[in-house]
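# Descriptive analysis of the structure
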Amino acid sequence: MASTISSVPFTGTSEQEAKLKEIIASLKDVPGSLMPVMQQAQDIYGYLPIEVQTMIAEGLGIPLEKVYGVATFYAQFTLQPKGKYNISVCLGTACYVKGSGDIYEELKKRLGIEEGGCTPDGKFSLNSCRCVGACGLAPVMMINDEVYGRLTPDAIPGILAKYKD
Amino acid sequence: MENVNIKINGVDVSAPAGSTILEAARLAHIEIPTLCFLKDINEIGACRMCVVELGNGKLVAACVYPINEGLEVKTNSPKVLASRKTTMELLLSNHRRECLSCIRSENCELQKLSKELGVENEGYYDGVKTESEIDDSAVHMIRDNSKCILCRRCVAACEKTQGIGVIGPNNRGFDTHISSAFELGLADTACVHCGQCIAVCPTGALYERDYIDEIIDAINDKSKHVIIQTAPSVRAGLGEMFGYPIGTNVEGKMVAALHRMGFDAVFDTDFSADVTIVEEANELIERVHKSLKKEEVTLPMITSCSPGWVKFIETYYPDLIGHLSSCKSPQQMFGALAKTYYAESIGKKPEEIVSVSVMPCTAKKFEMGRPDQSAAGVPDIDYSLTTRELGRLIQRMRIKFNELPDEEFDAPMGMSSGAGTIFGATGGVMEAALRTAVEWISGKELQNLDFMEVRGTQGIKEATYNVEGLGDVKVAVASGLSNARIIMEKIKAGNPDGWTFVEVMACPGGCVNGGGQPQVPGYIRNTVDVRALRAKALYDDDAKDVYRQSHKNPAVIKLYDEYLGKWGSEKAHHILHTSYVKRTVNKPLDELTTK
């Protein structure tokens, strides 16, 4: 299995680090503190890259694998950052029967990332979701708060091109 | 403790309160199959192989279910048998079944149980298999998750026995698999190469990197002079692969087998263990004398024979590596002498010698590649095999091991003292060192050579010896890296117990229970002290030895007289000593190699 280290460079600040260390210090000796520390770390950074998980492991005095095992067990944790533009493709029933699976595959191909991934330049991230309440426009995807409906795979390059900067 | 009365298969059984059904059944000599269960370290009731039926018809895991008064248990009801069989069939559906060529064939707990449970169609539930890749990044071992059954024994050995925890379950549900953080290869983790994960694995998912083919090529290369050394513990473990009871010393047959395979010389690591002792005792005395003169010196001195332990201290206590003896391990001392002293004595260049070792250890495969382990300008060791590899090599060469006569090691590096032999057991290095150091310090011949206080398989042992000319000397012995950590925390805190000399071996019980020894199935491991049985083979050997102190081994005396000069001489230092490096637990990202 290929390494799951995010290809997006880590841009954590010293303020974020100080905040995380403070949280670790306050919870270090509390039994069962790993999950709360991880949740608050994700609140600070938006995701749990190896740099952050290593800080947690070293701060709590536990193996990195222990942190990683928990991070990959629970769906609430993510190893990848959200891109500047987060694309969410609806795979709910209505969208799916209208071909949103093909849209999703096209996006994966175009962006070169998998579900939950983020392009190395930090620009686009890709996720699936279940129903955004616009079934009449199926198949639907959202880029940040913008909704795109009645999609075909051919339309994808043009839409992505709008997000140049 | 109070006893509780229960009924198992209609028979009255009385067992101590707090016992599990499994323990109570054992008292009544009723066998319940287990698979994931490892006493003390992996009691998680995960595999469901040990299910039994209660009076109310419920199936429960016997390994974790506590007994209570009046409990009725059936261990072989139709419901139980059907459940175990189905569980096994489901396990097999996600297991890459290649039993004909699998390294664990005939020694596989899954295979054995499957047969015993009456599985008729091993592919009954076949469907999609969990995706996996082979991790061969580490120098010492391979992980093939396609054969993993997620019993988590390896995880328990790494985390609980060794206190390291570089492997664990990642992801969830059908995607669950055992590997390291961020799916990095083992080579990029703080793995110390001890191989305890391999020792407890019930299937062929974990195994050592195998060099049997290379050895066969070397033996048949007429331009090479191929020599082999065997560690003390190999003779106490190898027999298990040929049907001998655990703890049988098969030294003579092992030597005979090696002679027949065509090695040019068959030598004994016990010899270089003796050399290790004279160098280490000399170093200890030097440090103690310096300390008496109030010179700056690091005490306690800690042994450096166990490469898993050495990597552990380098990784977890890098600021304390000054405590390590600078002595190479017996494997490396042997290799260094083979390519200098021995090569010169037979008129060969170091490059013409192929130096092979057989070790109860997987970390030796890592140690041979460390820096500062090439006394003659070429690596001291060319191949390091485990006891298991030697067993397989003997089988490959179709040698009828059990019918061999007993033969003796070759001269000059086959001669050893009993002190060298007991190196394989926890406390053995300490005892061997004391047999020499105490005599050298007091200047008087030791009357009693048995230091019983440091024997036995307890994880941590302490003793105080009154040494004439020095007073009370306090020593400590630890085996298993979780125990080593306890010792190291004390040393870090200023050594409050005043230890002068400390022995640490990475594997619990010492090398006899090393990660390269023949695998002992869980159902035996859980009921028999394998470490004690194998160690006894070594202590019995020692008791019979003519020479029982390393410095009295005539071959060692000759080595120093003819070649090295005095113990601790400059030449001895050049050939027999090494240096250590500081490491980090989590590698910096730019140093990762398996991304």
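The shown structure was predicted, so the numbers you read here are calculated from the model rather than taken from an experiment.

## Things to note about the overall build of chain B
When its secondary structure is counted, chain B shows 20 helices and 18 strands. Here chain B has a C-alpha radius of gyration of 25 Å; the compact-globule value for 595 residues is 25 Å, and the two agree. Taking all 595 residues of chain B together, 59% fall into the buried category. In chain B, of all internal contacts separated by at least 6 residues, the share reaching a separation of at least 24 is 74%. Summing over all exposed atoms, chain B offers an accessible surface of approximately 23300 Å²; the carbon and sulfur share of this is 50%.

## What to know about the domain arrangement of chain A
What the domain assignment lists for chain A is domain 1 (14–73) and domain 2 (85–161). Computed over C-alpha atoms, the centres of domain 1 of chain A and domain 2 of chain A are 31 Å apart.

## Topic: the confidence of the model for chain B
The share of residues in chain B with pLDDT of 70 or more is 100%, and the mean pLDDT across the chain is 97. If you check the scores for this complex, the pTM reads 0.94 and the ipTM reads 0.93.

## A few points about the packing of helix H6 (residues 212–219) of chain B against helix H13 (residues 387–396) of chain B
Residues and elements named next belong to chain B. One way to put it is that H6 packs onto H13 with a least axis distance of 10 Å and a crossing angle of 55°. Of the possible angle classes, the one that applies to H6 and H13 is oblique. Of the two possible hands of crossing, H6 and H13 adopt the one that is right-handed. Between H6, through Ile-212, Asp-213, Ile-215 and Ile-216, and H13, the contact on the second element is made entirely by Glu-389, Arg-392, Leu-393 and Arg-396. Classifying every residue of the contact of H6 with H13 by side-chain character gives four nonpolar, no polar and four charged.

## Focus: the pairing of strand E3 (residues 51–54) of chain B
All names here are of chain B. Both faces of E3 are covered, namely the face carrying Val-51 and Glu-53 and the face carrying Val-52 and Leu-54. Relative to strand E5 (residues 72–74), E3 runs antiparallel, the two being bridged by two bridges. Its bridge partner being in E5, Leu-54 is matched across the sheet by Val-73.

## Quick notes on the interface of chain B and chain A
Reports often express the size of an interface as the amount of accessible area lost when the parts come together. Facing the 22 residues of chain B at the interface are 22 residues of chain A. Both sides of the chain B and chain A interface together cover about 1800 Å² of buried area, and 60% of this is carbon and sulfur. Inspection of the region where chain B meets chain A yields one salt bridge. Lys-66 of chain A is paired through a salt bridge with Glu-159 of chain B; the nearest N and O atoms lie 3.1 Å apart. Applying the counting criterion to the chain B and chain A interface returns seven residue pairs in polar contact (both at pLDDT 80 or more).

## Description of the layout of surface pockets
Rolled over the atoms, a probe as big as a water molecule pinpoints where empty space is left. All names here are of chain A. Taken as a whole, the largest pocket encloses approximately 980 Å³ of empty space. Taken together, 31 residues make up the lining of the largest pocket; nearest its centre are Leu-79, Gln-80, Glu-115, Gly-116 and Gly-117. Of all the elements in the fold, those that place two or more residues in the lining of the largest pocket are helix H4 (64–73) and strand E2 (124–129). Looking at the lining of the largest pocket residue by residue, the class counts come to 13 nonpolar, 13 polar and five charged. Split by domain, the residues of the lining of the largest pocket number at least three in each of domain 1 (14–73) and domain 2 (85–161).

## Describing the packing of aromatic side chains
Residues and elements named next belong to chain B. Counted according to the given criterion, the structure contains 19 aromatic pairs over all chains. Note on Trp-440 and Trp-567: the rings are 5.1 Å apart at their centroids and 25° apart in plane angle, and the pair reads as stacked. Taken together, the residues Trp-440 in helix H15 (residues 428–442) and Trp-567 in the loop between helix H19 (554–564) and helix H20 (570–576) connect sequence positions 127 residues apart. Taken together, the ring pairs connect Trp-309, Phe-312, Tyr-316 and Tyr-317 into an aromatic cluster.

## Section: the side chain of His-551 of chain B
The residue His-551 of chain B is located in the loop between helix H18 (530–544) and H19 in this model. Non-local contacts of His-551 of chain B, meaning those with residues more than four positions away in its chain, are made with Val-278, Arg-435, Thr-436, Glu-439, Trp-440, Ile-557 and Trp-567 of chain B.

## Observations regarding the pattern of salt bridges
All names here are of chain B. Throughout the structure, instances matching the rule amount to 51 salt bridges over all chains. Among the ionic pairs, Lys-7 bridges to Asp-12, the shortest N-O distance being 3.0 Å. The class for Lys-7 is partly exposed, based on a relative accessible area of 33%. A salt bridge links Lys-552 to Glu-439, with the shortest nitrogen-to-oxygen separation between them at 3.0 Å. With Lys-552 in the loop between H18 and H19 and Glu-439 in helix H15, this pair connects stretches of sequence that are 113 residues apart. By relative accessible area, which is 26% here, Lys-552 ends up partly exposed. Given a relative accessible area of 9%, Glu-439 falls into the buried group. If you follow the salt bridges from partner to partner, you end up with Glu-431, Arg-435, Asp-450, Arg-455, Asp-542 and Arg-548 in one network.

## Quick word on the side chain of Lys-108 of chain A
Note that Lys-108 of chain A resides in helix H6 (residues 100–111). Not counting chain neighbours up to four residues away, the residues in contact with Lys-108 of chain A comprise Ile-113, Glu-114, Glu-115 and Leu-126 of chain A.

## Quick notes on the sheet that holds strand E3 (residues 141–143) of chain A
Residues and elements named next belong to chain A. Spatially, the four strands line up as an open sheet ordered E2-E1-E3-E4, and their pairing is mixed. Every interior strand has two partners, whereas the edge strands, E2 and strand E4 (146–148), have only one. Mean inter-strand twist for the sheet, computed between neighbouring axes without regard to direction, equals 20°. Two strands pair when backbone bridges link them, and E3 and E4 are joined in this way by three bridges, in the antiparallel orientation. Looking across to E4, one finds that Ile-143 is bridged to Glu-146.

## Some remarks on empty space enclosed by the protein
All names here are of chain B. Taken as a whole and assessed by the stated rule, the structure comprises seven cavities of 30 Å³ or more. Volume-wise, the largest cavity comes out at about 320 Å³. Of all the secondary structure elements, the ones that give two or more residues to the lining of the largest cavity are helix H9 (269–292), helix H10 (307–316), helix H11 (330–345), helix H12 (363–367) and strand E18 (499–505). The element contributing the most residues to the lining of the largest cavity is E18, with three residues. In terms of residue class, the lining of the largest cavity is built from 18 nonpolar, nine polar and two charged. Contributing to the lining of the second largest cavity are 17 residues, with Cys-158, Val-166, Cys-191, Cys-194 and Cys-197 lying nearest its centre. Going through the elements one at a time, strand E7 (141–144), helix H4 (153–161) and helix H5 (196–200) are the ones with two or more residues in the lining of the second largest cavity.

## Observations regarding a nonpolar patch on the surface
On the surface, Leu-90, Tyr-124 and Tyr-125 of chain B cluster together to form a nonpolar patch covering roughly 320 Å² of accessible area. One can find Tyr-124 of chain B in the loop between helix H3 (109–116) and strand E6 (134–135).

The rules we used
- Residues numbered from 1 in each chain as written.
- Chains lettered and ligands numbered in written order.
- Predicted model: local features only at pLDDT ≥ 70, side-chain atom pairs only at ≥ 80, totals over all residues.
- Heavy atoms only, no water.
- Helix = DSSP H or I, 4+ residues; strand = E, 2+ residues; numbered from the N terminus.
- Rg over C-alpha atoms; globule rule 2.2 N^0.38 Å.
- Buried < 20%, exposed > 50% of the residue type's maximum accessible area, 1.4 Å probe, protein only.
- Contact = heavy atoms within 4.5 Å.
- Areas by Shrake-Rupley, 256 points an atom, 1.4 Å probe, with all protein chains shown as cover.
- Domains from an automatic or database assignment.
- pLDDT = per-residue confidence, 0-100.
- Axes fitted to C-alpha atoms, helices over the stretch in contact; angles between N-to-C directions.
- Parallel < 35°, antiparallel > 145°, perpendicular 65-115°, else oblique.
- Left-handed = near helix turned anticlockwise from the far one by under 90°.
- Nonpolar A, V, L, I, M, F, W, Y, C, P; charged D, E, K, R; others polar.
- Pairing = 2+ DSSP bridges.
- Buried area = accessible area lost by both parts, 1.4 Å probe.
- Salt bridge = Lys/Arg side-chain N within 4 Å of Asp/Glu carboxyl O.
- Polar contact = N/O pair within 3.5 Å; in protein donor to acceptor, adjacent residues only side chain to side chain.
- 1 Å grid on protein atoms, 1.4 Å probe; cavity = no way out; pocket = protein on both sides within 12 Å on 5 of 7 lines; lining within 4 Å.
- Points joined across faces, edges and corners; volume = space filled by probe spheres on them.
- Phe/Tyr/Trp six-rings, centres within 6.5 Å; stacked < 30°, edge-to-face > 60°.
- Patch = residues over 30% accessible without salt bridge, like charges linked within 9 Å, V, L, I, M, F, W, Y side chains within 5 Å.

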